[in-house]
Protein chains: 2
Amino acid sequence: MSTEETVKKDIYYMQRALDEAKQAYKEGEIPIGAIVVCKNKIIARAHNLTETLHDVTAHAEMQAITIAANELGGKYLEDCTLYVTVEPCIMCAGALGWSQIKRVVFGCLDEKRGYHEYAPKALHPKANVIGGVLDSECKALMQRFFKERR
Amino acid sequence: MSTEETVKKDIYYMQRALDEAKQAYKEGEIPIGAIVVCKNKIIARAHNLTETLHDVTAHAEMQAITIAANELGGKYLEDCTLYVTVEPCIMCAGALGWSQIKRVVFGCLDEKRGYHEYAPKALHPKANVIGGVLDSECKALMQRFFKERR
């Protein structure tokens, strides 16, 4: 696949993750969405549900990993890409590491809780990680949410 | 509470976590067990179910956090202690951090995957962490499991 095609695909799929983040926003949840893509097919869609479920583990990525594994019938996601609107936290990066996922694409950085700062080796050593895709859209949704709650 | 009482309690509760780990062993799962104690009451018991559920996120601690939060009807576990037979991994330590749990007691170290090495700041800064409780029992169960699978 050419770089141009990859960029177009990444933007397309990040928009789908953003759709999930917008759904979280509507539900009063911190607006983060994630999808898992395997062989050009979306096999999992999820958004943050920590408030609704009263469960700190209910991050978008955690749910997406569980849904994707169920869909594939196995626990490893080697041939998959996870798209998430915000940089994963320590917990989610640790889970992505266990899943052996090949590629992670995220939107905006999370300066306070992102894994790059606190657990830089969490992901599988061969995983390919890209950040900044639709950065401003992902960030704007987060800023809007927190501004309204101040 | 005196130091002696605390030690006795920690040993008692770690034995309960070991009961869970032994259950995992019987089910062919990596034998790790966890419990959550709140005001001298066990409010969650769980063991590793990654194989059974085909889900890398189904670690004992993750399930114990979810069960405990359900039991308390809120997502934070400030007044709780988690006992787990093996040092938490990055993912579980990240989840424990989000849960704001006050105290974590673990059995044996996990030299390869433990959070101390890869995400030392994962837990809440005020969390009190103790390791090595029933170290040899916890370690022996793990070694037995892996030896039988070699």
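The paragraphs below set out a description of the structure included in this document. (Residues numbered from 1 in each chain as written. Chains lettered and ligands numbered in written order. Predicted model: local features only at pLDDT ≥ 70, side-chain atom pairs only at ≥ 80, totals over all residues. Heavy atoms only, no water.)

### Regarding the relation of the copies chain A and chain B
Logical step 1: When chain A is fitted onto chain B, the two copies agree to an RMSD of 0.0 Å after a turn of 180° and an axial shift of 0.0 Å. These values place the two chain copies in the arrangement generated by a two-fold rotation axis. Across chain A, the smallest distance between a C-alpha and the rotation axis is recorded for Met91(A), namely 1.9 Å.
Logical step 2: Comparing contact sets, 100% of the residues at the interface of chain A also lie at the interface in chain B, consistent with an isologous, same-surface contact. (Least-squares fit on C-alpha atoms with pLDDT ≥ 70 in both. Contact = heavy atoms within 4.5 Å.)

### Some points on the packing of helix 2 (residues 60–72) of chain B against helix 3 (residues 90–99) of chain B
Residue and element names in this part refer to chain B.
Logical step 1: Between helix 2 and helix 3, the shortest axis-to-axis distance is 9 Å and the interhelical angle comes to 20°. Classified by the angle their axes make, helix 2 and helix 3 are roughly parallel. You can see that helix 2 and helix 3 cross each other, and the crossing is left-handed. Facing helix 2, whose interface residues are Glu61, Met62 and Ile65, helix 3 presents Met91, Cys92, Ala95, Leu96 and Ser99.
Logical step 2: Classifying every residue of the contact of helix 2 with helix 3 gives 6 nonpolar, 1 polar and 1 charged. (Axes fitted to C-alpha atoms, helices over the stretch in contact; angles between N-to-C directions. Helix = DSSP H or I, 4+ residues; strand = E, 2+ residues; numbered from the N terminus. Parallel < 35°, antiparallel > 145°, perpendicular 65-115°, else oblique. Left-handed = near helix turned anticlockwise from the far one by under 90°. Nonpolar A, V, L, I, M, F, W, Y, C, P; charged D, E, K, R; others polar.)

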